[in-house]
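Below are the chains, spelled out letter by letter.
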Amino acid sequence: MQSPSFHVQHYIGGAFVEGTRRFEIFYPATNEIIGTAPEGRAEEVDAAVQAATHAFAAWSRAGAAERRRVLKAFADAIRAHAEDLERIETWDVGRPIRENRAGYVQRLAANIEFFADFAVTHGSEAYPMDSGYINYVLRQPVGVAALITPWNVPMLQATWKIGPALAFGNTVVLKPAELTPIGAWKLAQIAHSAGLPPGVLNVVHGFGPESAGALLTQHPGVQLISFTGESTTGKIIMGAASHTLKRLSFELGGKGANIIFADADLDRAVAISLRSSFFNQGEFCLAGPRLLVERPIYDEFLQRFIAATQQLRVGDPMDPETTVGALIAPEHLQRVRSYIDIARGTQAEIVLGGDQPDLPAPFNRGNFLNPTIIVGVQPQDRVCQEEIFGPVVTVAPFDGEEEALAIANGVAYGLSAVVQTRNLGRAVRVAGAIDAGTVWINDFFVRDLRVPFGGMKQSGIGREGGHYSLEFFTEAKTVCLSNQ
Ligand code: NDP
């Protein structure tokens, strides 16, 4: 396939802007250069914040119904560009196109549309007092929102933040990850053609530290930050934002447990575990890379799980038959491989993968790694404690609920977990006791935009989704009305 050449631009105040310095964009599956993007510096970040500040007056006063009209046009335009967006996400991330064709773009549109509707129907509260006074609560937009997103599901992350931020009347400066700038630029083009007023949505590309990301988190014109990324970056942003007391919402790293009890439906457990282990090459905060299997079924499960993993097809992400794509960058591949080396240096055993596939050119130059299964691990091993963020999982046996919970909760993270059992009482008990913002029982990655999303412990601060997004993206103002 002919490589494209994307000339990515900033989007500031309704105009596509070149910027002064540019950086290269690489296709993860071949490491070929597929375009360039501008590096946002102080002038561009400042111009974007100014444009968002200027647009805030009209957008915040436009009313939820008018904003819904505009945002619905944006969502419709996203759907109309589905094929283009599916390919772009694969160029950006290296994820198999079949995963993008399984409802990904519909979800991007839904992220915008859901919150556009929600803002129309939610928000008012009134508290009449016995004295006859009436308190009512106004939900007012906060101001300019900085949305800082990671590279693993870039357009999903962007729309998940843009939707509520705009629907509740804020204006936005989006800073996508430097490794995946194309999708955000494309979304800006779509928003522009759908009639989003100038300055309501701005996109500034560039690097995180000491560049566009850091400049945004320090900018006095930004009132709130919704950030998704690594826990260590979250700590830096928290420090930077403290000087101007910005409102923060953090969705950070994860190290989910996938607990499979002996009474689970084994076929289903294998299928769910394949997805929770290797969806998006395992570069997924919600993944369940720690498989804990109750001892009576451990051997059989492991054997079936290995057999099913061997059926996965690693390679050209644009091939609709491919099920495992490329990792985002050579440095990230090295980092993921370093964990395999760490495991090799312990008592652990790599029972599948651990190496790179033998692919034809040009994919022999890509960042591919065979799905890797490690056994013989101890809960305190680094491969069981640290976020690897690749197609590398551990499988370990446990005896009983108590041990499963102790291992599951014995990490610094608490984003998500999977519990697989046919015993309803056990499912309820274990789900209730796990340290995780989201628990799936007998399934994986089913998301409802009404429910809170976020993490416990080092996995985040705050929740977004439904009225949790309303709370984060608005100020609550109480007005007390006298009856005198
Ligand atoms: P990073 O934390 O490295 O980067 C995330 C974003 O923050 C990027 O846009 C990055 O820019 C920017 N950034 C980096 N440093 C700074 C800084 N000092 N100030 C402001 N912005 C900064 O995460 P990754 O992109 O590597 O993404 C992977 C991580 O994201 C994993 O830990 C994963 O678990 C987490 N994640 C969490 C999710 C959740 O919902 N909890 C969902 C998806 C991912 P640049 O790219 O230029 O460095």
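What you see is a predicted model; the values in this text were computed from it and never measured.

1. Describing the overall build of the protein chain
Next up, step 1: The helix and strand inventory of the protein chain stands at 16 helices and 23 strands.
Next up, step 2: For the protein chain, whose C-alpha radius of gyration is 23 Å, the value lies close to the compact-globule estimate of 23 Å for 484 residues.
Next up, step 3: The burial tally for the protein chain puts 57% of its 484 residues in the buried class.
Next up, step 4: Here the protein chain displays about 18900 Å² of accessible surface, and carbon together with sulfur accounts for 53% of that area.
Next up, step 5: Positive and negative charge centroids in the protein chain, built from 41 and 51 side chains respectively, lie 4 Å apart.

2. So, the sheet that holds strand β7 (residues 134–141)
Next up, step 1: With respect to topology, three strands assemble into an open sheet ordered β6-β7-β23, the strand pairing being antiparallel. Strands at the two margins of the open sheet, each flanked by one partner only, are β6 (125–128) and β23 (474–481). With direction set aside, neighbouring strand axes in the sheet form an average angle of 20 degrees.
Next up, step 2: The sheet contact formed by β7 and β23 spans eight bridges and is antiparallel. Residue pairing for β23: Tyr-136 is matched across the bridge by Val-479.
Next up, step 3: Sheet contacts for helix α16 (residues 466–473): β7 and β23; angle to β23, the most-contacted strand, approximately 80 degrees.

3. Looking at the pairing of strand β4 (residues 22–26)
Next up, step 1: Judged from the five bridges that link them, β4 and strand β5 (residues 33–38) form a sheet pairing that is antiparallel. Looking across to β5, one finds that Arg-22 is bridged to Pro-38.

4. Observations regarding the UniProt feature "domain: Aldehyde dehydrogenase" (unreviewed entry) in the protein chain
Next up, step 1: The UniProt record marks residues 19–479 with the feature "domain: Aldehyde dehydrogenase" (unreviewed entry), using the residue numbering of this structure.
Next up, step 2: As annotated, residues 19–479 has a helix share of 41% and a strand share of 20%, and its two end C-alpha atoms lie 45 Å apart.

5. Considerations on the packing of aromatic side chains
Next up, step 1: Scanning the model with the defined rule gives 22 aromatic pairs in all.
Next up, step 2: Ring geometry for Phe-279 against Phe-445: centres 5.7 Å apart, planes inclined by 45 degrees, an arrangement best described as tilted. With a gap of 166 residues between them, Phe-279 in the loop between α10 (266–278) and β14 (290–294) and Phe-445 in the loop between β20 (438–441) and β21 (456–457) connect regions that are remote in the sequence.
Next up, step 3: Taking the relative accessible area as the measure of exposure, Phe-279 reaches 19% and is therefore buried.
Next up, step 4: Taking NZ or CZ as reference, Arg-95 lies 4.7 Å from the ring centre of Tyr-104, over its face.
Next up, step 5: A cation sits over an aromatic face here: Arg-447 above Trp-160, 4.9 Å from the ring centre.

6. Let's talk about α10
Next up, step 1: Its 13 residues place the ends of α10 18 Å apart at the C-alpha level, agreeing with the 18 Å of an ideal helix rising 1.5 Å per residue.
Next up, step 2: Two or three places before Asp-267, at the start of α10, stands the capping residue Asp-265, its side-chain oxygen 3.2 Å from that residue's backbone nitrogen.
Next up, step 3: Downstream of α10 by a residue or two, Asn-280 has a phi angle that is positive, lying close to 55 degrees.

7. Side note on the packing of helix α3 (residues 82–93) against helix α7 (residues 182–193)
Next up, step 1: Closest axis-to-axis distance for the α3/α7 pair is 9 Å, and the angle between their directions is 155 degrees. Taken together, α3 and α7 sit at an angle that is classed as roughly antiparallel. Here α3 contributes Asp-84, Leu-85, Ile-88, Trp-91 and Asp-92 to the contact with α7, which in turn contributes Ile-182, Gly-183, Lys-186 and Ile-190.
Next up, step 2: Across the contact of α3 with α7, the residue classes break down as five nonpolar, one polar and three charged.

8. Focus: the packing of helix α2 (residues 64–80) against α7
Next up, step 1: Where α2 meets α7, the closest approach of the two axes is 9 Å, and the angle between their N-to-C directions is 125 degrees. Judged by the angle between their axes, α2 and α7 are oblique. Every pair of crossing elements has a handedness; the one defined by α2 and α7 is right-handed. Within the contact between the two elements, α2 uses Phe-74, Ala-77 and Ile-78 and α7 uses Leu-187, Ile-190 and Ala-191.
Next up, step 2: Here the contact of α2 with α7 is built from residues that sort into six nonpolar, no polar and no charged.

9. A few points about the site of the ligand
Next up, step 1: Taken together, 33 residues are adjacent to the ligand, and Glu-178, Thr-233, Leu-252, Cys-285 and Glu-387 come closest.
Next up, step 2: Residue Glu-178 places a side-chain N or O atom 2.5 Å away from an oxygen atom belonging to the ligand.
Next up, step 3: Burial of the ligand by the protein amounts to 93% of the accessible area it has alone, namely 900 Å².
Next up, step 4: When grouped by side-chain class, the residues that make up the shell around the ligand number 16 nonpolar, 12 polar and five charged.

10. Considerations on the pattern of salt bridges
Next up, step 1: The final tally for this structure, using the stated rule, is 24 salt bridges.
Next up, step 2: Its salt-bridge partner being Asp-319, residue Arg-313 comes within 3.1 Å of it at the nearest N-O pair.
Next up, step 3: We classify Arg-313 as partly exposed; its relative accessible area is 42%.
Next up, step 4: With its nearest N and O atoms 3.4 Å apart, the salt bridge here joins Glu-401 to Arg-426. Taken together, the residues span a long stretch of sequence, with Glu-401 in helix α14 (residues 400–408) and Arg-426 in helix α15 (residues 424–433) at a distance of 25 residues.
Next up, step 5: Via salt bridges that share partners, Asp-263, Glu-401, Arg-426 and Arg-429 belong to a single interconnected network.

Procedures and definitions
Residues numbered from 1 in each chain as written. Predicted model: local features only at pLDDT ≥ 70, side-chain atom pairs only at ≥ 80, totals over all residues. Heavy atoms only, no water. Helix = DSSP H or I, 4+ residues; strand = E, 2+ residues; numbered from the N terminus. Rg over C-alpha atoms; globule rule 2.2 N^0.38 Å. Buried < 20%, exposed > 50% of the residue type's maximum accessible area, 1.4 Å probe, protein only. Areas by Shrake-Rupley, 256 points an atom, 1.4 Å probe, with all protein chains shown as cover. Lys, Arg positive; Asp, Glu negative; His and termini not counted. Charge placed at Lys NZ, Arg CZ, Asp CG, Glu CD. Pairing = 2+ DSSP bridges. Axes fitted to C-alpha atoms, helices over the stretch in contact; angles between N-to-C directions. Contact = heavy atoms within 4.5 Å. UniProt positions renumbered as here; feature names shortened; annotations may be inferred. Phe/Tyr/Trp six-rings, centres within 6.5 Å; stacked < 30°, edge-to-face > 60°. Lys NZ or Arg CZ within 6 Å of the ring centre and 35° of its normal. Expected span 1.5 Å × (residues − 1). Polar contact = N/O pair within 3.5 Å; in protein donor to acceptor, adjacent residues only side chain to side chain. Parallel < 35°, antiparallel > 145°, perpendicular 65-115°, else oblique. Nonpolar A, V, L, I, M, F, W, Y, C, P; charged D, E, K, R; others polar. Left-handed = near helix turned anticlockwise from the far one by under 90°. Near = heavy atom within 4 Å. Salt bridge = Lys/Arg side-chain N within 4 Å of Asp/Glu carboxyl O.

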